[in-house]
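The chain contents come next:
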Amino acid sequence: MNELFYISSAVAAASTIMVITRANSVHALLYLIVSLLSVAVIFYILGAPFIAALEVIIYAGAIMVLFVFVIMMLNPGPQSEKQERLLLTPRMWAGPAVLSLILISELIYALTSAGPQAATLRVVSPKDIGVSLFGPYAIGVELASILLLAGLIGVYHIAQKGRQD
Amino acid sequence: MGTIPAEHALMLAALLFVLGAVGVLVRRDIIFILMSIEIMLNAAGLAFIASGYKWGQADGQVMFMFILTMAGAEVAVGLALALQFYRKQKTLDADSANKMRG
């Protein structure tokens with residue numbers, strides 16, 4: 001199981017790097033789906049099989065389909081790909097990359113300074129999640145439903161065709 | 001099974017989050033910026049799952065479900081805004097947003 005974890009971590013990191021360096025948005029999207037699927041494998045290894053299934057169905061399924069639809073509707077084409085390629089120069093990358101490298105080394109230092117402690121695996125079943133979700137977190141469920149309703153109405157309003165304001 | 005240190009999973013979450021942050025900073029296409037935000041949200045979810053793994057509790061996974069809901073609402077609104085932006089500007093370049101005029 002350890003090897004599986006490290007292999008899928010490497011796949012996730014590599015495909016995420018591919019996402020942020022592609023000029024073509026459809027290619028980036030396919031790499032993002034690979035990244036999400038490998039994170040789903042990691043969830044499964046970390047004792048969260050229900051969340052792994054949700055990751056595949058909702059993230060890699062529903063949300064990515066939304067991206068595909070929007071890319072198909074906008075149809076950016078080779079022109080925007082050329083424009084993106086012009087922007088993908090080392091000069092653009094240098095600043096954010098150096099600053100992020102500092103941040104990630106700080107985080108890794110903070111996480112390794114305590115020394116690794118092997119955790120014991122306890123698989124959390126969907127039943128446990130449901131009991132927790134509708135017990136102490138019931139208010140969160142209600143707020144999430146309000147958020148989704150607000151999102152639905154907001155998207156309906158924003159995406160109307162003939163808006164001229 | 002179950003001998004992976006939770007710190008390693010947290011490190012992967014940190015790495016993915018930083019990669020998403022670099023994507024937001026470097027890219028100028030709105031679709032790419034939204035994809036990078038998805039990467040960052042997913043990394044935050046991974047951190048919750050890793051913490052839940054460390055203590056063997058369901059709370060981290062409940063938090064992941066809230067993040068999933070929030071990501072769904074956020075990406076729907078973001079893509080609708082991108083559609084309107086493209087209709088007005090005929091481009092997805094975020095730099096041209098300074099010509100929006102109200």
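Residues numbered from 1 in each chain as written. Chains lettered and ligands numbered in written order. Predicted model: local features only at pLDDT ≥ 70, side-chain atom pairs only at ≥ 80, totals over all residues. Heavy atoms only, no water.

Section: the overall build of chain B
Cut-off, in case you're wondering: Going along the chain from the N terminus, every DSSP run of H or I of four or more residues is numbered as a helix, and every run of E of two or more is numbered as a strand. The globule rule used here is 2.2 Å times the number of residues to the 0.38 power, and the radius of gyration it is set against is calculated over C-alpha atoms.
A count of helices and strands for chain B gives 3 helices and 0 strands. Along chain B, from the amino end to the carboxyl end, the secondary structure elements read α-α-α. Relative to the globule expectation of 13 Å for 102 residues, the C-alpha radius of gyration of chain B, 17 Å, shows a markedly less compact shape. Each of the three principal axes of chain B carries a C-alpha extent, and together these read 55 × 25 × 20 Å.

What to know about the environment of Y53 of chain B
Residues and elements named next belong to chain B. What counts is decided by this rule: Each residue is assigned to one of three classes by its accessible area relative to the maximum for its type, calculated with a 1.4 Å probe on protein chains only: buried under 20%, partly exposed between the two thresholds, exposed over 50%. In protein, a polar contact means a hydrogen-donor-capable atom and an acceptor-capable atom, both N or O and within 3.5 Å, with residues adjacent in sequence counting only if both atoms are side-chain atoms; elsewhere, any N or O pair within 3.5 Å suffices.
Along the chain, Y53 turns up in helix 2 (residues 30-55). Of the residues examined, Y53 reaches a relative accessible area of 2% and is grouped as buried. Linking Y53 and A6, residues 47 residues apart in sequence, is a C-alpha distance of 7.0 Å. Within the structure, Y53 has its side chain in polar contact with the backbone oxygen of I4 (distance 2.8 Å).

Description of the packing of aromatic side chains
In plain terms, the rule: When the centres of two rings from Phe, Tyr and Trp lie within 6.5 Å, Trp using its six-membered ring, the rings pair. Their planes under 30 degrees apart give stacked, over 60 give edge-to-face, and anything left gives tilted. Put simply, a charge is over a ring when the Lys NZ or the Arg CZ is close to the ring centre, within 6 Å, and near the line of the ring normal, within 35 degrees.
A complete count under the given rule lists 3 aromatic pairs over all chains for this structure. Seen in terms of ring centroids, F43 of chain A and F64 of chain B are 5.1 Å apart; in terms of plane orientation they differ by 80°. Their pairing is edge-to-face. Within this pair, whereas F43 of chain A is found in helix 2 (residues 25-45), its partner F64 of chain B is found in helix 3 (residues 59-89), the two belonging to separate chains. The residues F43 of chain A and F64 of chain B share a single accessibility class, namely buried. Sitting over the face of the ring of F32 of chain B, R27 of chain B holds its NZ or CZ atom 3.8 Å from the ring centroid.

Brief notes about helix 3 of chain B
Which entries qualify depends on this criterion: Helix span, expected: 1.5 Å multiplied by one less than the number of residues in the helix.
Here helix 3 of chain B spans 44 Å end to end across 31 residues, near enough to the 45 Å set by a 1.5 Å rise per residue. Positive phi shows up at K90 of chain B, right after helix 3 of chain B, with a value of about 60°.

Points about a nonpolar patch on the surface
We count it as follows: Without a salt bridge and with relative accessible area above 30%, a residue can belong to a patch; like charges are then joined within 9 Å and nonpolar side chains (Val, Leu, Ile, Met, Phe, Trp, Tyr) within 5 Å. To measure how exposed things are, a 1.4 Å probe is used in the Shrake-Rupley method; for residues, cover is taken only from the protein chains shown. A pair is scored as a salt bridge if a Lys or Arg side-chain nitrogen falls within 4 Å of a carboxyl oxygen belonging to Asp or Glu.
Residues V65, V68, F69 and M72 of chain A make up a contiguous nonpolar surface patch of about 370 Å² in total accessible area. Overall, M72 of chain A belongs to the exposed group, its relative accessible area being 53%.

Side note on the packing of helix 1 (residues 6-26) of chain B against helix 2 of chain B
Residues and elements named next belong to chain B. For the record, the criterion: All axes are obtained by fitting lines to C-alpha atoms, using only the stretch in contact for helices, and the reported angles, taken between N-to-C directions, cover 0 to 180 degrees. Between 65 and 115 degrees an angle is taken as roughly perpendicular, under 35 as roughly parallel, over 145 as roughly antiparallel, and anywhere else as oblique. Note: crossing handedness is left-handed where the near helix turns anticlockwise from the far helix by less than a right angle, and right-handed where it turns clockwise. Residues count as neighbours in contact if any of their non-hydrogen atoms are within 4.5 Å of one another. Three classes are used, and their members are as follows: Ala, Val, Leu, Ile, Met, Phe, Trp, Tyr, Cys and Pro are nonpolar, Asp, Glu, Lys and Arg are charged, and the others, Gly among them, are polar.
At a minimum axis distance of 8 Å, the contact between helix 1 and helix 2 shows a crossing angle of 165°. Regarding the angle of helix 1 to helix 2, the classification is roughly antiparallel. In this structure, helix 1 crosses over helix 2, and the sense of that crossing is left-handed. Every residue of helix 2 that contacts helix 1 at A6, E7, A9, L10, L12, A13, L16, F17, G20, A21, G23 and V24 is listed here: I33, S36, I37, I39, M40, A43, L46, A47, A50, S51, Y53 and K54. Of the residues assigned to the contact of helix 1 with helix 2, the class counts are 18 nonpolar, 4 polar and 2 charged.

A short note on the interface of chain A and chain B
Interface size is commonly expressed as the accessible surface area that is lost when the partners come together. Stated precisely, the cut-off is as follows: Here the quantity called buried area is the accessible surface, traced with a 1.4 Å probe, that two parts lose on coming together, added over both.
The partner chain B presents 69 residues to the 82 residues of chain A that form the contact. Carbon and sulfur atoms make up 77% of the area that chain A and chain B hide from each other, which totals about 6900 Å². Between the two partners, chain A and chain B, sit 0 salt bridges. When residues of the side of chain A that touches chain B are traced back to their parent elements, those giving at least two are helix 1 (2-21), helix 2, helix 3 (49-74), helix 4 (77-87), helix 5 (90-112), helix 6 (126-133) and helix 7 (138-158) of chain A. Among the elements that make up the side of chain A that touches chain B, the one with the highest residue count is helix 3 of chain A (13 residues). Taken together, the residues of the side of chain A that touches chain B break down into 56 nonpolar, 18 polar and 8 charged.

Honestly, it's all geometry; don't read function into it.
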